[in-house]
Structures are given as structure tokens and as C-alpha cells.
Amino acid sequence: MTQSRVATSIIDTHRHIFGPKLRQKFVENIGFDDSKPLPQANAGEMFFYRESVDVDYSMEIQRQSGVSSCVNSYGGEVETFAQHIIKANTIDTLRFLNDESFELRDRFPDEVACMANAHALEESARDVIDPLISNKAACAISISTSYGSGADQVFLDSPKAEWLWEYAQDKDVLVHIHPPLVSIGAAAMQQYRLIEAVGRPFDTALSAARMIYSGVFDRYPKLKVLFVHMGGALAPVICRLDWNWELNYKGIQNPPIHKVDKNLRKPSEYFRSNIYVDTMGPSAIGLKAMIEMCGIDRILFGTDFGPVPMSPKLHIDLVNETIPAAEDRKRIFSTNTLALLRLAESAPRLVPKAA
């Protein structure tokens, strides 16, 4: 492992590892049957694969794929975990998830780093994440693109999230943003696993657009966020976000003040100043679009491995086959991540000796 890290360091910034305590909660509370073969799906169509519930197996697949190390989070999925899996309040759920993640880090110290899992709309989460961020035990903050469902769904332009943006800018720490299990439009996407294929990318695009238009990045100009899954469905609509901003309510008498855009720059400009994306697609067209939209220095390697039971090698091959320049591939595989997450401070064992 040490030799491969020195030769080619590949850091997976989008990894979900379910440890033994979480696996037991699956058994106790949501219908996972430890005695039956995998894969399984419960009544609510939460899927269980060996890659997601067998830690040792998933870590071996990670090694075999060529990934040197990973950054673990639970995708900001606090509400589902709290209500259905852990069955606890938000704060106790965050502590459970963070404790589980750090136990995995201690078990695999040369291969796992951690994010601090938070709830963007509950300021009480600050007390949970601050020791982890301030002591550099965690290298990023993990949240969801939205919370709740249906008419009660709340996105990240909510005033309730202001504490998080202020905190993240003050600490100069990345906010890693992941769509929830139950996304926007879930009622219309119950068939064909469309929540995964369509709903979650749309949830990401909608939350990103609302953050931009509400002026989050103007109020917090040094804020750094990463939208997973190649930015969700953002690339195809970025031009529409720009012309929608140009039109806004110009010429409309008595516009509804709460609906008027507040951003000071074209939406596409924030993708070059505040927004990062990962490589989880996998799509050569998508990767090229992300580079065009954000720039090569804002692309981080990520796979969603674990719950998505596809070997990380698929994403490694995507980068190798799509990006011709070796230095650009190195940026995506490791150097962008090392700089952005400051892993030399929070996870020095993951830093390749030759870097």
C-alpha cells in the first residue's frame, strides 16, 4: 500500500462506509436480514449490498481498485438516520454517525479520513462539529442538499442555514453537499429507481441554484462547497441559470420582492470561485462538462462507493481515459484534494510521502 501511494496517490472524496454499529441498526430497525444473502432491499427500497454492509470486503475492493485512501461521510443524511435507523434526536444521531466514522478511521488509519456530519438547518449541530473541525480531526463538513419532503422540503437558501455558511467561511473548511435518500419529486419517481437516477441530481441542482440566487456566495465570498455527482444536474442548465438571472423581474411592475434574485454575479461565475464538484458519474461527457464549467483545479475524485456497488476502478479508468495530461489527472486524483481538505493537517498518514 505504501508503495502504491507513493507511485500514484488516489484519494476518494466521496465514500460511505457503514460500520458494524450502523449495520446492527439496519438489522434492528429497517429490515436488513443478516441471515439472508446479499443484495437485499427493504420495503422502503433502501438497498443493501455486500459493498455497503461488509466493511472488510469494501475496503479490500477499494485497495484492489487502486484507491489509496478515502474520506468517509454519511452524505448529510441525518433525518432518515435519526427517524428510521438510529431512532434518536438529531444531536445524538450526529454523534453516533461521527463516532462510527472515527472508529473506522482508527481501524484503517492509513486509508480513511473523516468528515464531520452536520444538520445544516439546526444550529445546535455546531457544538457537535466544532471540536472535530477546530482540532483538525475532520477535514470537511457533510450536509444534505435538502431536508424534509413534499411541501415541507427545505433547501439550503433557508435562513436557518446561515450559521453554517458563517462557520464554514470562518474556519475555512469545505462543505460537502450530498442529496438525500428522499429527493425532490420523490412521489413521481417511485418506479425504476428514478429517485437515484433523476431525483437526487435534480435535488442538487435546485439547492445549488437557490444558494446562488439567494446570494449565499455574495454574503460569504470565501465559502467553499462541493456538490457531488458531478454537480448533479447543473451542467445542462448552467446557461439557463445565467439568462434567467439576466431576465429576472426586469421591467415587471411591483415584482414579488421575496422572489427577486439577490446574486451580484452571473450564476456561472460562482462555479469558478466557490463551487467544487467530484467525478462520480461516471460519464466522460459529464467530466468534460465539469472541467469546462469549473476548471480542472475544482474537480475532485469521488466514487460514492459502498452504497453504489461499482468498483472505484470504473472512475479511475474514466479519469485516465478522458484526461490526456498526466498533471491534470494528478490534480483530480490527489493534489486538488490535498490542498482543499488540508489533509496534511487532519490526516497526515494519507498524504503520499513523495507529495
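Residues numbered from 1 in each chain as written. Predicted model: local features only at pLDDT ≥ 70, side-chain atom pairs only at ≥ 80, totals over all residues. Heavy atoms only, no water.

Visitor: Report on the confidence of the model for the chain, specifying residues and quantitative values.
Guide: Low pLDDT means the predicted coordinates in that region are not meant to be read closely. For the chain, per-residue confidence averages 93 on the pLDDT scale, and 97% of positions sit at 70 or higher. Across residues 1–6, confidence stays below pLDDT 50; counting only partners more than four residues off in sequence or on other chains, it has 13 contacts. (pLDDT = per-residue confidence, 0-100. Contact = heavy atoms within 4.5 Å.)

Visitor: How would you explain the sheet that holds strand 10 (residues 175–178) if you had to name every residue and give the values?
Guide: The strand order across the open sheet formed by six strands is 6-7-10-11-12-13, and the pairing between neighbours is parallel. A strand with exactly one partner marks an edge of an open sheet, and here the two such strands are strand 6 (116–117) and strand 13 (299–300). Here strand 10 pairs with strand 11 (residues 225–227) via three bridges, running parallel. The partner of Val 175 across the bridge, within strand 11, is Val 225. (Pairing = 2+ DSSP bridges. Helix = DSSP H or I, 4+ residues; strand = E, 2+ residues; numbered from the N terminus.)

Visitor: Give me the lowdown on the environment of Cys 114, citing residues and values where you can.
Guide: Along the chain, Cys 114 turns up in strand 5 (residues 112–114). On the basis of relative accessibility, which here comes to 1%, the residue Cys 114 falls in the buried class. When residues no more than four places from it in sequence are discounted, the contact partners of Cys 114 are Val 71, Asn 72, Ser 101, Phe 102, Arg 105, Ala 137, Ala 138, Cys 139 and Ala 140. (Buried < 20%, exposed > 50% of the residue type's maximum accessible area, 1.4 Å probe, protein only.)

Visitor: Outline the packing of aromatic side chains, supporting the account with residue identities and numerical values.
Guide: As enumerated under the stated definition, the model contains eight aromatic pairs in all. Taking 6.1 Å as the distance between ring centres and 75° as the angle between the ring planes, the aromatic pair formed by Tyr 74 and Phe 81 counts as edge-to-face. Pair check on accessibility: Tyr 74 and Phe 81 agree, each one buried. Above the plane of the ring of Tyr 57 lies Arg 50, whose end atom (NZ or CZ) is 3.9 Å from the centre. Here the basic side chain of Arg 298 rests over the ring of Tyr 276, its NZ or CZ set 4.1 Å away from the ring centre. (Phe/Tyr/Trp six-rings, centres within 6.5 Å; stacked < 30°, edge-to-face > 60°. Lys NZ or Arg CZ within 6 Å of the ring centre and 35° of its normal.)

Visitor: Outline the pattern of salt bridges, supporting the account with residue identities and numerical values.
Guide: Scanning the model with the defined rule gives 24 salt bridges in all. The partner of Arg 63 in a salt bridge is Glu 111, with the nearest N and O atoms 2.6 Å apart. Taken as a pair, Arg 63 in helix 4 (residues 55–65) and Glu 111 in the loop between helix 6 (90–107) and strand 5 lie far apart in primary sequence, 48 residues in all. (Salt bridge = Lys/Arg side-chain N within 4 Å of Asp/Glu carboxyl O.)

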